[in-house]
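# A look at the structure
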Amino acid sequence: MKVLVIGGGAREHALCRSLSLDPDVTALHCAPGNAGIAEVAELHGVNALDGTAVAELAADLAADLVVVGPEAPLVAGVADAVRDRGIPVFGPSAEAAQLEGSKAFAKDVMAAAAVPTARSYVCTTPEEIDEALDAFGAPYVVKDDGLAAGKGVVVTEDVEAARAHALACERVVIEEFLDGPEVSLFAVTDGETVVPLQPAQDFKRALDGDEGPNTGGMGAYSPLPWADPQLVDEVMATVLQPTVDELRRRGTPFSGLLYAGLAITSRGVRVIEFNARFGDPETQVVLARLQTPLGGLLTAAATGNLSALPPLRWHDDAAVTVVIASHNYPDTPRTGDPVEGLAEVAEKDAPDAYVLHAGTKADGSGAVLSAGGRVLSVTAVGADLTTARRRAYRAVDRIRLDGSQHRTDIAAEVADEAAQAPGA
């Protein structure tokens, strides 16, 4: 089949890489893509937010499946435009994508579906903001109601910083702080059947030790050796299936990737937020472990046939991703710097470690330049997290990008604990 992927980040590179390994995918296209995706897919210069243009491209290519990667095109209705042309698309409608596009909408859906989540207030005035901050106290959790590219959340002990962020938002959700480790769990759904993927954990803060500002994500790992073996079943029963059922009941069925950001609190599992697409960088490690061909899975969701799909198959290997970011990220990043060492990783570390491009572009001579905040996701697999982590950082050390930054502690603590566990 012919597949068109929409987007140009590391998530889309991970999707394209997995699709390129699917024997049933005979032609792979991506719009707009990046320098790395160009190695596995034909690129097209289409505005990812223009649903009419995307649908026209899909028709011209005779695409059998369109996969919409980022949240902004989904909220803008790109999937709707493609569906209107009669082309199968993996991604929810604009209405269903409000589950990510509006924190307030998501809270309303969760309340109706009895999904466990943090208590919260939706605020639009300074008075409401002050009342909510006073009600919950520190640490303060303040979320921009709309899309903010993964950087619209502030968690702080400083009430003035919390108030400043809230006042800068048109509408804001202020909620209680959820203690405990965070988990990302993706599920593929056709609007009725829900198929969970393997859980992952990402690292949001820019600096080692979970210090520094929030980012879109600086690394991730999977599996989670510390998690309860029943976690996925519990989240399916209390979060994922009820949410999909509630959206279908409302007449806005959710078809695509439902991402539950979870906190494993002292009072049980709670939803931090929903996303309407694959997460970045968790996708990089989850797809590294997926053995079932990706094209068939996404097509089954897009065509309403998930219930007929055999159970997913997974590699036993662990996977670790380390993000290499530009100078000054997550503030205004420096771009245009040469990225060197990519061929060295391909020669010396493949197939156990490889580089997925995020913010890159090729110049006229074929050199790769940085073109965004998060530039690369270096991903590695291994028999255990310790091995995968060692391979990932060995590959990271081969990359040269002036002024770049990366965390040195991705999966370090859990890898050490797993190595010290009895029987390890």
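Scroll up to find the structure this text is about.
Before going into details, it helps to say that this report is about the structure given with it.

Calculation criteria
Residues numbered from 1 in each chain as written. Predicted model: local features only at pLDDT ≥ 70, side-chain atom pairs only at ≥ 80, totals over all residues. Heavy atoms only, no water. Helix = DSSP H or I, 4+ residues; strand = E, 2+ residues; numbered from the N terminus. Rg over C-alpha atoms; globule rule 2.2 N^0.38 Å. Buried < 20%, exposed > 50% of the residue type's maximum accessible area, 1.4 Å probe, protein only. Contact = heavy atoms within 4.5 Å. Core = buried A, V, L, I, M, F, W, Y, C linked by side-chain atoms within 4.5 Å. Pairing = 2+ DSSP bridges. Right-handed = clockwise from strand over helix to strand, strands pointing away. Phe/Tyr/Trp six-rings, centres within 6.5 Å; stacked < 30°, edge-to-face > 60°. Lys NZ or Arg CZ within 6 Å of the ring centre and 35° of its normal. Axes fitted to C-alpha atoms, helices over the stretch in contact; angles between N-to-C directions.

Moving on, we get to the overall build of the chain. Tallying secondary structure elements over the chain gives 14 helices and 22 strands in all. A globule of 424 residues ought to have a C-alpha radius of gyration of about 22 Å, and the chain, at 21 Å, matches this closely. Overall, the C-alpha framework of the chain stretches about 55 × 50 × 45 Å when taken along its three principal axes. Looking at the chain residue by residue over its 424 residues, the buried ones come to 57%. In the chain, the proportion of contacts linking residues at least 24 apart, taken out of those at least 6 apart, comes to 69%.

Turning to the environment of Leu258, a few remarks are in order. Looking at where Leu258 falls in the secondary structure, it is placed in strand S16 (residues 256-265). With a relative accessible area of 1%, Leu258 lands in the buried category. A sequence separation of 234 residues divides Leu258 from Asp24, and the C-alpha atoms of the two residues are 24 Å apart. For Leu258, the residues in contact, after removing those within four places along its chain, are Leu99, Leu185, Phe186, Ala187, Leu240, Thr243, Val244, Phe274 and Asn275.

Leu4, Val66, Leu240 and Val320 are the most contacted members of the largest nonpolar core, which totals 79 residues. Residue contributions to this core peak at 8 residues, all from helix H9 (residues 231-249). When near neighbours in sequence (up to four residues on either side) are disregarded, Leu240 contacts Leu185, Ala187, Val194, Val235, Leu258 and Ala260.

Among the 6 residues in strand S1 (residues 2-7), 5 count as buried, and that is most of the element. Bridge analysis of S1 against strand S2 (residues 27-32) gives 6 bridges, and the strand direction is parallel. Opposite Val3, over in S2, you have Leu28 as the bridge partner. Once the chain exits S1 it traverses helix H1 (residues 10-20) before rejoining the sheet at S2, and the crossover so formed is right-handed. Bridging between S1 and strand S4 (residues 65-68) involves 4 bridges; their strand directions are parallel. From the neighbouring strand, Val3 faces S4, where its bridge partner is Leu65.

For the structure shown, the criterion picks out 5 aromatic pairs. For the ring pair Tyr121 and Phe136, a centre distance of 5.3 Å and an interplane angle of 45° mean the geometry is tilted. Taken together, the residues span a long stretch of sequence, with Tyr121 in strand S6 (residues 120-123) and Phe136 in helix H7 (residues 126-136) at a distance of 15 residues. Given a relative accessible area of 17%, Phe136 falls into the buried group. With 6.1 Å between their ring centres and 45° between their planes, Phe203 and Tyr221 make a pair best called tilted. Of the two residues, Phe203 sits in the loop between strand S12 (201-202) and strand S13 (205-207) while Tyr221 sits in strand S15 (residues 219-222), which places them 18 residues apart along the sequence. Among the aromatic residues, those joined into a ring-pair cluster are Phe90, Phe186, Tyr259 and Phe278. Here Arg17 stacks its cationic end above the ring of Tyr354, 3.6 Å away from the centre of that ring.

Taken across its 8 residues, strand S10 (residues 182-189) has 7 buried, putting it largely inside the fold. Taken together, the 8 bridges between S10 and S16 define a ladder with antiparallel strand orientation. Pairing of Ser184 across the sheet is with Gly261, part of S16. Sheet analysis places S10 next to strand S11 (residues 194-196), joined by 3 bridges and oriented antiparallel. The residue bridging Thr189 from the neighbouring strand is Val194, located in S11.

Take the sheet that holds S1 next. Judged by pairing direction, the sheet is parallel, and its 5 strands sit side by side in the order S3-S2-S1-S4-S5 without closing on themselves. Both edges of this open sheet fall to strand S3 (42-43) and strand S5 (89-90), since each of them pairs with a single strand only. Both S4 and S5 contribute to a ladder of 2 bridges, which runs parallel. Note on S5: the bridge partner recorded for Val66 is Val89. Packing against the sheet, H1 makes contact with S1, S2 and S4, and its axis sits at approximately 170° to S1.

Here the focus is the sheet that holds S6. Here 4 strands make up an open sheet; going across it, the order is S6-S9-S7-S8 and the pairing antiparallel. A strand with exactly one partner marks an edge of an open sheet, and here the two such strands are S6 and strand S8 (153-156). Going across the sheet, the axis of each strand differs from the next one's by a mean of 20°, ignoring polarity. Where S6 and strand S9 (residues 172-175) come together, 4 bridges link them in antiparallel fashion.

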